[in-house]
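# Fold and contact review
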Amino acid sequence: NRCNEGAFVLKHGGRYYMTYSANHTGFPHYGIGYATADKPLGPWMKAEENPIAATNLNIGVSGPGHSCIISSPDGKEMFIVYHTHADHEKPSGDRVVNIDRVGFDRSGKLTITGPTRNPQPIPSGRRRRRDRPRFRELLRDGVRQTYRLAIQKFNALLHAVGGILWIETAFDTQ
């Protein structure tokens, strides 16, 4: 299966880096790779060292994918956030979130310290309390953004099927 999905782009040192999930999540060779470009629209070149995160059943990691990269509060460290199968012995749609340190070596290659299954040191730095957004504001903004994206996807789907769409929903009431 030659599928690339879940792209995330960041700029570092004047170069663009795109992480992505490669292949199908049910295949043993599903993992996270990256490509680089000088311009945001490419051309993109996949890294020779791909994948940077792959299944490792020896430590209980199966199907790493769909990543994004974030910074520590002081901006001195970077972390890759991604999912893996909840049960590496019976891969399914159930996933768990993983966070590992990521960085760049001297030649500009993206490197990940992981995948891991061990507790990690706390990220460097700490924002001053007054600089941190309040949880209520983050939740409100996150819900607004999620709602906005859901409406955009719904409208695109509705357009794609010619305006006729049956939607079934199920909610857990517990």
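Residues numbered from 1 in each chain as written. Predicted model: local features only at pLDDT ≥ 70, side-chain atom pairs only at ≥ 80, totals over all residues. Heavy atoms only, no water.

## Description of the overall build of the protein chain
- Counting its regular elements, the protein chain contains 1 helix and 9 strands.
- Ordered by position in the sequence, the α and β elements of the protein chain form the string β-β-β-β-β-β-β-β-β-α.
- Each of the 174 residues in the protein chain was classed as buried or not, and the buried ones make up 29%.
- A fraction of 34% describes how many contacts in the protein chain between residues 6 or more apart in sequence connect residues 24 or more apart. (Helix = DSSP H or I, 4+ residues; strand = E, 2+ residues; numbered from the N terminus. Buried < 20%, exposed > 50% of the residue type's maximum accessible area, 1.4 Å probe, protein only. Contact = heavy atoms within 4.5 Å.)

## Some remarks on the pattern of salt bridges
- By the definition in use, this model includes 2 salt bridges.
- Put simply, D38 and R15 hold a salt bridge, and the shortest N to O gap is 2.3 Å. On the criterion of sequence distance, the pair formed by D38 in the loop between β3 (31-37) and β4 (45-46) and R15 in strand β2 (residues 15-22) is long-range, its members being 23 residues apart.
- Taking the relative accessible area as the measure of exposure, R15 reaches 28% and is therefore partly exposed.
- Residues R101 and E77 are paired through a salt bridge, measuring 2.6 Å at the closest nitrogen-oxygen approach. With a gap of 24 residues between them, R101 in strand β8 (residues 95-104) and E77 in the loop between β6 (65-71) and β7 (78-85) connect regions that are remote in the sequence. (Salt bridge = Lys/Arg side-chain N within 4 Å of Asp/Glu carboxyl O.)

## A few points about the environment of G125
- Take G125: it is sitting in the loop between β9 (110-112) and α1 (135-160).
- Between the alpha carbons of G125 and P73 there is a distance of 5.4 Å; along the sequence they are 52 residues apart.
- Sequence-distant contacts of G125, defined by excluding residues within four places in its chain, comprise P73 and D74.

## Considering the nonpolar core
- Grouped together as the largest cluster of nonpolar side chains are 15 residues, with contacts concentrated most on I69, I80, V102, L110 and I112.
- Top contributing element to this core by residue count: β7, with 3 residues.
- Setting aside residues up to four positions removed in sequence, I112 forms contacts with I52, A53, I80, Y82, D100, R101 and V102. (Core = buried A, V, L, I, M, F, W, Y, C linked by side-chain atoms within 4.5 Å.)

## A look at the side chain of S72
- Along the chain, S72 turns up in the loop between β6 and β7.
- Residue S72 is classed as buried on the basis of its relative accessible area, which comes to 4%.
- A polar contact is formed between the side chain of S72 and the side chain of S124, at a distance of 3.2 Å.
- Contact partners of S72, with chain neighbours within four places excluded, come to E77, F79, P123 and S124. (Polar contact = N/O pair within 3.5 Å; in protein donor to acceptor, adjacent residues only side chain to side chain.)

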